[in-house]
Amino acid sequence: METLSYLAPLAQLDVLWTIALGTLGGLIIGALPGLTATMGVALLIPMTFGMAPVMGLNMLIGIYIGGIYGGCVSSILLRTPGTPASAATVLDGYPMAQKGHAGKALGMATIASTIGGLIAAVVLATLAPQLAGIALEFGAPEYFALALFGLTIIASLSGDILKGAISGLLGILISCVGADPISGISRFTFGIQGFASGFAFTPALIGLFALSEVFTQIERLASKEPPVTLVKNRWPSWADMKESRSALIRGSFIGTLIGIIPGTGSGTASWIAYNEARRSSKTPEKFGTGHMPGIAATESANNAVCAAALIPLLALGVPGDVVTAVLMGGLMIQGLAPGPMLFQTNPDVVVGIFGGTFIATIFMFIFGMALIPVFSKILMVPRRMLTISIVLFCFIGSFSINLNPVDLYTMVGFGVLGWGMQKFGFSQAALCIALILGPMLEANLRRGLLQAGDNLTEFLSGPITLLFLALTVLSLGWPMVAKALARKSNARPEITE
Amino acid sequence: MSTAQHSKADIWIGAGLLGFCAFATWRTLQIKQVVSSTIAGPSFVPWLMIGAVSILSLVLIVRGLRSSGLPGSLSTENLPDRGGLLKLAAFAVLLVAYAAAFYPVGYIPSTLVASFAGLWLIGERKILVLLGFPVIMTTAVYYGFTELLAVWLP
């Protein structure tokens, strides 16, 4: 009964309208090459400042869900992934568009994204409260080990583990700017009052993900590839659905599982789902030539991550992927701290988010199917005007949170840093996650050491702590093991020959 | 687009990171210490991070040096050419100037000038767009934020 009363705000017209607007906005942002869901959420967080928590947060979730889905549009029509999550969709989506089946490819992507999103939303609503219940028992050592695990997994998922680790460590060092969380002593502020409580989180994220993209867009302004404009027959046939059924279901569960692991993301999930669909297919040779199950696998997986990545964020206070890391800024603006206590203090917000995730997924389906015929027009937005508009939103967004002009410099600084990192293969996602997990890691490490009298063995002896530490070692060691295995399997045919 | 050899870039970045660590070391030494029963004081985590980044930077340099003579080191970074870099640098300067003017000068005049200059810098030459877009965008955003979202702008 209580849960139903928490869902009541979602039936209000203004809340529904806001979620719809967020989903549509996310879809358009995701569809435009180079503009990511992360950027969309970072850019529009300040707009939720004056909204009620359920309304504001669900608008951001709508942008997230719409943005991840929207990435498939330019993947299919332009052969340029709108978001990294849709990179694998290019493999079968663009060949289908070239054969004149762009509408069907987009239709399958929409259906797969919806099914993946709905399955993960059910898992979110079921699993998150259970996990939060367990996390209530966590103390400083467990949180320290959890933060460490989150950091190492993002480092190990970065293309270059060394650069990923450097990005993460730098992020922790940057997060030390401002007052020390235990003693309140000022660190690295250079006497600037605006840095007394550290770099403002949301302007830093806006710079890192939105402004850095502006620099990249300026570089790309010269290159233009015309989109496929012939888009018709949006509904896949019954035979197409039957053929893609297992790839779709498997992709949804792979996406959900990957999303739950802190620090992973849609990009990883869609590649794993694609490879798994090809591996288990009776006709693997068709993959990459315009094959429906290829699209079904990647799109169901990347949208399943959206809801699943909210599980560690809400239940543990650790973001599931980089977009939920940014989404954390939205929670903070509302004065909410994600983590198990949120389920105790603000159950209305938690249940509202569960419901909002379902609603946003349904809106995504409606807008997706309805807009398929006009998607190619969205890709023709004048890029120069779009670039300047993004700059404008970056500035207003960064300023309006604290009305502090210093935040504008923070945003520009992080923008330039983000562009440089992107250019030289350093992970912006690792830096972002470290900015969030750094304070959690530091506070719990120091608090735990204080409680254990500086005895590291005692500090790290709990079973859950040991489990997270084992997972940390595994996540760091796995890329090396995988590389060695790949080398071994590559060497094998040469030996037999 | 020009390209920079991957391994050489790594060596330079590693050296830059070591320089940054030296700077961070100097700043960490300035952090006030408190009397405490634990080794984990306010500069504990910064020291750990500086140590770890220094070690990994050395690894990056060594990796770059080792691979610079190998055939695999031919992988490159795509960097803009000199003109492109100048354009990006000018755009960054414009953003800093916009940040400096935003609060004291006010949103509307600073945004009008910055939008015009920004459009011109990224190659827009149509006079109608150069003049019309900043005016429409600036006023629409001002109205949207101040009237609809109740966000104060200077």
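Residues numbered from 1 in each chain as written. Chains lettered and ligands numbered in written order. Predicted model: local features only at pLDDT ≥ 70, side-chain atom pairs only at ≥ 80, totals over all residues. Heavy atoms only, no water.

Turning our eyes to something else, we now look at the overall build of chain B. In terms of helices and strands, chain B carries 5 helices and 2 strands. When the helices and strands of chain B are read in sequence order from the N terminus, they spell out β-α-α-β-α-α-α. Counting over 154 residues, chain B shows a buried share of 40%. Taking the contacts inside chain B whose residues are at least 6 apart along the sequence as the reference set, 64% of them involve residues at least 24 apart. Here chain B displays about 8,500 Å² of accessible surface, and carbon together with sulfur accounts for 72% of that area. (Helix = DSSP H or I, 4+ residues; strand = E, 2+ residues; numbered from the N terminus. Buried < 20%, exposed > 50% of the residue type's maximum accessible area, 1.4 Å probe, protein only. Contact = heavy atoms within 4.5 Å. Areas by Shrake-Rupley, 256 points an atom, 1.4 Å probe, with all protein chains shown as cover.)

With that out of the way, let us pick up the overall build of chain A. Along chain A, the regular secondary structure elements total 22 helices and 2 strands. The globule rule puts the C-alpha radius of gyration for 497 residues at 23 Å, and the 22 Å found for chain A is close to it. Oriented by its inertia axes, the alpha-carbon framework of chain A measures out at about 65 × 60 × 55 Å. In chain A, which comprises 497 residues, the share counted as buried stands at 62%. For chain A, the share of sequence-separated contacts (at least 6 apart) that also reach a separation of at least 24 residues comes to 80%. As displayed, chain A offers around 18,300 Å² of accessible surface, 67% of which is attributable to carbon and sulfur atoms. Of the side chains in chain A, 26 bear a positive and 23 a negative charge, and the two mean positions are spaced by 13 Å. (Rg over C-alpha atoms; globule rule 2.2 N^0.38 Å. Lys, Arg positive; Asp, Glu negative; His and termini not counted. Charge placed at Lys NZ, Arg CZ, Asp CG, Glu CD.)

Right, let's get into the UniProt feature "transmembrane region" (unreviewed entry) in chain B. As annotated in UniProt, the feature "transmembrane region" (unreviewed entry) corresponds to residues 12-29, 44-62, 83-100, 106-122 and 127-145 of chain B in the numbering used here. Strand forms 0% of residues 127-145 of chain B and helix 100%; the C-alpha atoms that close the span are 27 Å apart. (UniProt positions renumbered as here; feature names shortened; annotations may be inferred.)

Turning our eyes to something else, we now look at the interface of chain B and chain A. Between chain B and chain A, the contact holds 68 residues from the first and 51 residues from the second. Taken over both partners, the interface formed by chain B and chain A buries close to 5,400 Å², and the fraction arising from carbon and sulfur atoms is 84%. Summed over the shared surface of chain B and chain A, the number is 2 salt bridges. Residues aspartate 160 of chain A and arginine 63 of chain B are paired through a salt bridge, measuring 2.7 Å at the closest nitrogen-oxygen approach. Here chain B and chain A share 7 residue pairs in polar contact (both at pLDDT 80 or more) between them. Listing elements by their share of the side of chain B that touches chain A, those giving two or more residues are helix 1 (6-29), helix 2 (44-68), strand 2 (76-79), helix 3 (82-105), helix 4 (107-121) and helix 5 (127-148) of chain B. Looking at the side of chain B that touches chain A residue by residue, the class counts come to 49 nonpolar, 12 polar and 7 charged. (Buried area = accessible area lost by both parts, 1.4 Å probe. Salt bridge = Lys/Arg side-chain N within 4 Å of Asp/Glu carboxyl O. Polar contact = N/O pair within 3.5 Å; in protein donor to acceptor, adjacent residues only side chain to side chain. Nonpolar A, V, L, I, M, F, W, Y, C, P; charged D, E, K, R; others polar.)

Counting residues in each nonpolar core, the largest one holds 198 residues, and the members touching the most others are Val41, Leu211, Phe375 and Phe395 of chain A together with Phe91 and Phe102 of chain B. Of the domains in this structure, domain 1 (1-77) and domain 2 (80-153) of chain B are the two that each give at least three residues to this core. The contacts of phenylalanine 102 of chain B, once residues within four sequence positions are left out, are Phe395, Ile396, Phe399 and Leu408 of chain A together with Tyr107, Ser110, Thr111, Leu153 and Pro154 of chain B. (Core = buried A, V, L, I, M, F, W, Y, C linked by side-chain atoms within 4.5 Å. Domains from an automatic or database assignment.)

Attention now goes to the packing of aromatic side chains. Applying the stated criterion to the full structure yields 22 aromatic pairs over all chains. When the centroid spacing of 5.6 Å and the interplanar angle of 80 degrees are considered together, the rings of tyrosine 274 of chain A and phenylalanine 287 of chain A count as edge-to-face. Of the two residues, tyrosine 274 of chain A sits in helix 11 (residues 266-280) while phenylalanine 287 of chain A sits in the loop between helix 11 and helix 12 (292-308), which places them 13 residues apart along the sequence. The two residues tyrosine 274 of chain A and phenylalanine 287 of chain A agree in class, both being buried. Clustering of aromatic rings is evident, with ring pairs tying together Phe395 and Phe399 of chain A together with Tyr98, Phe102, Tyr103, Tyr107, Tyr142 and Trp152 of chain B. (Phe/Tyr/Trp six-rings, centres within 6.5 Å; stacked < 30°, edge-to-face > 60°.)

This paragraph deals with the environment of glycine 123 of chain B. Residues and elements named next belong to chain B. Here glycine 123 shows up in the loop between helix 4 and helix 5. Residue glycine 123 is classed as partly exposed on the basis of its relative accessible area of 28%. In this structure the C-alpha to C-alpha distance between glycine 123 and lysine 87, which are 36 residues apart in sequence, comes to 9.8 Å.

Take the side chain of aspartate 407 of chain A next. All names here are of chain A. Inspection of the secondary structure puts aspartate 407 in helix 19 (residues 406-423). For the buried residue aspartate 407, which engages in no salt bridge, the nearest side chain bearing the opposite charge is arginine 187, 17 Å off. Sequence-distant contacts of aspartate 407, defined by excluding residues within four places in its chain, comprise Ala200, Pro203, Ser398 and Asn402.

Inspection of every chain in the model, using the stated rule, returns 10 salt bridges over all chains. In this structure, aspartate 180 of chain A and arginine 446 of chain A form a salt bridge, with 2.4 Å as the shortest nitrogen-oxygen distance. With aspartate 180 of chain A in the loop between strand 1 (178-179) and strand 2 (186-187) and arginine 446 of chain A in helix 20 (residues 428-451), the pair connects residues that are 266 residues apart, well separated along the chain. In this structure arginine 446 of chain A comes out as buried when scored by relative accessible area, which is 3%. When salt bridges that share partners are traced, they join Asp160 and Lys163 of chain A together with Asp10 and Arg63 of chain B into one network.

Okay, a nonpolar patch on the surface next. Together, Phe190 and Ile192 of chain A together with Phe20, Phe23 and Trp26 of chain B give the surface a local cluster of nonpolar side chains, amounting to about 470 Å² of exposed area. Position of tryptophan 26 of chain B among the secondary structure elements: in helix 1. With a relative accessible area of 45%, tryptophan 26 of chain B lands in the partly exposed category. (Patch = residues over 30% accessible without salt bridge, like charges linked within 9 Å, V, L, I, M, F, W, Y side chains within 5 Å.)

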